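# A closer look at the structure
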Amino acid sequence: MWSFTLWNFAALAAAIYCIAKAVIDLRTRGYMWGIVGLLSAAVFLLTSIKTHAVKIDLPVAGS
């Protein structure tokens, strides 16, 4: 469970860094690097994270 939280935090931190760096690059007219930064942030934020689902079938109450 801790590793799941750690990896989520790391991906979010990396996405925030990419967005901040992209904004800095776009403000200095580095359009190509700004677009690369925004695309990198999108990859981090849109990547699905595997989870482990458990299905439990409960018995139906008899009448």
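Our subject is the structure that appears above.
Presented here is a report on the structure given in the accompanying data block. (Residues numbered from 1 in each chain as written. Predicted model: local features only at pLDDT ≥ 70, side-chain atom pairs only at ≥ 80, totals over all residues. Heavy atoms only, no water.)

### Some thoughts on the overall build of the protein chain
Scanning the protein chain from terminus to terminus reveals two helices and zero strands. In terms of overall size, the protein chain is more extended than a compact globule, its C-alpha atoms giving a radius of gyration of 20 Å where 63 residues would be expected to give roughly 11 Å. If one aligns the C-alpha atoms of the protein chain with their principal axes, the spans along those axes are about 70 × 25 × 15 Å. Looking at the 63 residues of the protein chain, the share that counts as buried comes to 11%. Carbon and sulfur atoms form 72% of the exposed surface of the protein chain, whose accessible area is close to 6,000 Å². (Helix = DSSP H or I, 4+ residues; strand = E, 2+ residues; numbered from the N terminus. Rg over C-alpha atoms; globule rule 2.2 N^0.38 Å. Buried < 20%, exposed > 50% of the residue type's maximum accessible area, 1.4 Å probe, protein only. Areas by Shrake-Rupley, 256 points an atom, 1.4 Å probe, with all protein chains shown as cover.)

### Description of the environment of tryptophan 7
Along the polypeptide, tryptophan 7 turns up in helix α1 (residues 2-27). C-alpha separation for the pair tryptophan 7 and methionine 32, spaced 25 residues apart in sequence, amounts to 28 Å.

### A few points about the packing of α1 against helix α2 (residues 31-46)
It is the contact of α1 with α2, at a shortest axis distance of 8 Å, that shows an interaxial angle of 160°. If you check the angle between α1 and α2, you find them roughly antiparallel. Of the two possible hands of crossing, α1 and α2 adopt the one that is left-handed. Residue-level contacts link Ala11, Leu12, Ala14, Ala15, Cys18, Ile19, Ala22, Asp25 and Leu26 of α1 to Tyr31, Trp33, Gly34, Gly37, Leu38, Ser40, Ala41, Phe44 and Leu45 of α2. Looking at the contact of α1 with α2 residue by residue, the class counts come to 14 nonpolar, three polar and one charged. (Axes fitted to C-alpha atoms, helices over the stretch in contact; angles between N-to-C directions. Parallel < 35°, antiparallel > 145°, perpendicular 65-115°, else oblique. Left-handed = near helix turned anticlockwise from the far one by under 90°. Contact = heavy atoms within 4.5 Å. Nonpolar A, V, L, I, M, F, W, Y, C, P; charged D, E, K, R; others polar.)

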